[in-house]
Amino acid sequence: MEDFIISVNKVEEWQMTNDVTELDNLFQRAKRVLVGGGTVALVRQQRSGESYRFEEFTNLEDFEQYKNGIYKYLAK
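Calculation notes
- Residues numbered from 1 in each chain as written.
- Predicted model: local features only at pLDDT ≥ 70, side-chain atom pairs only at ≥ 80, totals over all residues.
- Heavy atoms only, no water.
- Helix = DSSP H or I, 4+ residues; strand = E, 2+ residues; numbered from the N terminus.
- Buried < 20%, exposed > 50% of the residue type's maximum accessible area, 1.4 Å probe, protein only.
- Contact = heavy atoms within 4.5 Å.
- Axes fitted to C-alpha atoms, helices over the stretch in contact; angles between N-to-C directions.
- Parallel < 35°, antiparallel > 145°, perpendicular 65-115°, else oblique.
- Nonpolar A, V, L, I, M, F, W, Y, C, P; charged D, E, K, R; others polar.
- Pairing = 2+ DSSP bridges.
- Salt bridge = Lys/Arg side-chain N within 4 Å of Asp/Glu carboxyl O.

**Overview of the side chain of Thr 39**
Thought 1: Mapped onto the elements of the fold, Thr 39 is located in the loop between helix 2 (20–35) and strand 2 (40–45).
Thought 2: The class of Thr 39 is buried, set by a relative accessible area of 15%.
Thought 3: Beyond its immediate sequence surroundings of up to four residues, Thr 39 is in contact with Asp 3, Phe 4, Val 33, Leu 34, Glu 56, Phe 57 and Thr 58.

**Digging into the packing of helix 1 (residues 8–16) against helix 2**
Thought 1: Between helix 1 and helix 2, whose axes approach to 8 Å, the crossing angle comes to 145°. Mapping the contact onto sequence places Val 11, Trp 14 and Gln 15 in helix 1 and Glu 22, Leu 23 and Leu 26 in helix 2.

**Let's talk about the packing of helix 2 against helix 3 (residues 60–72)**
Thought 1: Remark: helix 2 packs on helix 3, axes separated minimally by 11 Å, with the N-to-C direction vectors making an angle of 175°. Relative to helix 3, the element helix 2 is oriented roughly antiparallel. Of the residues in helix 3, those touching helix 2 at Val 20, Leu 23, Asp 24, Phe 27, Ala 30, Lys 31, Leu 34 and Val 35 are Leu 60, Phe 63, Glu 64, Tyr 66, Lys 67, Ile 70 and Tyr 71.
Thought 2: Its residues placed into classes, the contact of helix 2 with helix 3 shows eleven nonpolar, no polar and four charged.

**With respect to the pairing of strand 2**
Thought 1: Two elements, strand 1 (residues 4–7) and strand 2, share four bridges in a ladder whose sense is parallel. Directly across from Phe 4, in strand 2, lies its bridge partner Val 40.
Thought 2: Pairing between strand 2 and strand 3 (residues 51–57): six bridges, direction antiparallel. Each bridged residue has a counterpart across the sheet, and for Val 40 the counterpart in strand 3 is Phe 57.
Thought 3: Turn length for the strand 2-strand 3 hairpin, with the two strands adjacent in sequence and antiparallel, is five residues, and the turn residue Gly 49 shows positive phi of about 100°.

**As for the sheet that holds strand 3**
Thought 1: Overall, mixed pairing links the three strands, which are arranged 1-2-3 in an open sheet. The sheet terminates laterally at strand 1 and strand 3, the two strands that pair on one side only. Averaged over all pairs of adjacent strands, the angle between their axes in this sheet comes to 30°, without regard to strand direction.
Thought 2: Each of strand 1, strand 2 and strand 3 is contacted by helix 2, which is oriented at about 150° to strand 1, the strand it contacts most.
Thought 3: Those strands touched by helix 3 are strand 1, strand 2 and strand 3, and its axis lies near 120° from that of strand 3.

**Thoughts on the pattern of salt bridges**
Thought 1: Within the structure shown, the criterion is met by five salt bridges.
Thought 2: In this structure, Glu 12 engages Arg 44 in a salt bridge whose closest nitrogen and oxygen atoms are separated by 2.7 Å. Remark: Arg 44 occurs in strand 2 and Glu 12 occurs in helix 1; sequence separation between them is 32 residues.
Thought 3: For Glu 12, a relative accessible area of 33% corresponds to the partly exposed category.
Thought 4: A salt bridge links Glu 64 to Lys 67; the nearest nitrogen and oxygen atoms lie 3.5 Å apart. With a gap of three residues between them, Glu 64 and Lys 67 both fall in helix 3, about one helical turn apart.
Thought 5: By sharing partners, the salt bridges in this structure join Asp 3, Arg 53 and Glu 56 into a single network.

None of the figures reported here should be taken as evidence of function without further support.
Take a look at the structure:
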């Protein structure tokens, strides 16, 4: 199974615009990959166009902690 890649640049953009729908969709797809035995990777895109992978999740518990941290900073 291919890794599911999450662009943290997009996550940060959706946080700033309070786009809960996009975040929900992203995290649901990522969760399905984890349940299926895949890996979810966090990637950051640099201004130069280069991207680098800086974290991976292979279990739901760690991924849920990350997800909860994202939702924690949304405007209510």
